[in-house]
Amino acid sequence: MRFSPKPLSPPRFPRIYALSSNDIKVGTNLEVDGAPWRILEFLHVKPGKGAAFVRTKMRNYITGNTVEKTFRAGSTIDEANVFKETKQFTYKDGSQFVFMDLNTFEEIRLDEADVGDKTKWLKEGMDCILLFWNGKVIDFEVPITVQLAVIDVDPGLKGDTASGGSTKPATLDTGAIVNVPLFVNVGFLQHEFDQFSHRNANPAIADFVVRIWKDDQI
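Residues numbered from 1 in each chain as written. Predicted model: local features only at pLDDT ≥ 70, side-chain atom pairs only at ≥ 80, totals over all residues. Heavy atoms only, no water.

### Looking at the packing of aromatic side chains
Remark: the centre distance and the inter-plane angle together describe each pair of aromatic rings, the angle taken between the planes.
Right, on to step 1. A full pass over the atoms with the stated rule returns 4 aromatic pairs.
Right, on to step 2. Here a set of aromatic residues connected by ring pairs shows up, and it is made of F89, F97, F99 and F140.
Right, on to step 3. For K69, the ring lying beneath its charged end belongs to F71, and the centroid distance is 5.7 Å. (Phe/Tyr/Trp six-rings, centres within 6.5 Å; stacked < 30°, edge-to-face > 60°. Lys NZ or Arg CZ within 6 Å of the ring centre and 35° of its normal.)

Put into structure tokens, the structure is as follows:
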């Protein structure tokens, strides 16, 4: 999923300062070649000959690409104006998803292309974390855990229990399809289980859902 940064008005974001490469650490946000990057790894190197430098591995917030880059020790680098704010997903308006700041009631709209596969986990009234860069939305995160109901699934067979190893596909109330134990029936998530984790729409969701259901069964 790639975001087309969405501008906000009026801007009300903190000042960003220039950094020294000596200040680089894991999690530092840098603006390099006009794009925001996050430091994943770093190593300060002092060779026997030549100038010292900082070797880094960093990820582009917008494209997701990861690259290795070296900075000369003591060089000046721009800090990226990247931070997060909580907004509530309120409703869908045509092809746009509308998020609201519950303090200012300001609305932020994201297109279907921006939301991507995360539409499968979005429900009205859900608090999400929006990622901003220079006053523009470049990504967002759905909650780590959400409560959804099974609305369509083949009936379980007599004798099926939570200890069974087989699974079957089930449709949730957001349209997501996940694999569930054979004993699960329509409405099960609302009545028999507290929650499940989607791990930010990780493709490995199915196995994790089954494990959570086994642990949290009432």
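Don't stop here, the text continues.
### Regarding the confidence of the model for the chain
Right, on to step 1. Per-chain confidence: the chain averages 78 in pLDDT, with 73% of residues scoring 70 or above.
Right, on to step 2. Note on residues 190-218: pLDDT under 50 across the span, and 64 contacts to partners over four residues away in sequence or across chains. (pLDDT = per-residue confidence, 0-100. Contact = heavy atoms within 4.5 Å.)

### Examining the sheet that holds strand β15 (residues 167-172)
Right, on to step 1. What the 3 strands build is an open sheet, ordered β14-β15-β16; its pairing is antiparallel. Each edge of the sheet is formed by a strand with only one pairing partner; in this case those strands are β14 (150-153) and β16 (177-181). For this sheet the average axis-to-axis angle between neighbouring strands, irrespective of direction, equals 45°.
Right, on to step 2. With 5 bridges joining them, β15 and β16 adopt antiparallel strand pairing. Looking at the pairing, P169 lines up with N179 of β16. (Pairing = 2+ DSSP bridges. Helix = DSSP H or I, 4+ residues; strand = E, 2+ residues; numbered from the N terminus. Axes fitted to C-alpha atoms, helices over the stretch in contact; angles between N-to-C directions.)

### Describing the pairing of strand β3 (residues 29-32)
For a regular strand, side chains alternate in direction, first toward one face of the sheet and then toward the other.
Right, on to step 1. Direction of pairing for β3 relative to strand β4 (residues 35-45): antiparallel, over a ladder of 4 bridges. Residue pairing for β4: N29 is matched across the bridge by R38.
Right, on to step 2. Taken together, β3 and the strand that follows it, β4, pair antiparallel across an intervening segment of 2 residues, in which D33 is found at a positive phi of about 55°.
Right, on to step 3. With 2 bridges joining them, β3 and strand β7 (residues 76-79) adopt antiparallel strand pairing. Looking across to β7, one finds that L30 is bridged to E79.

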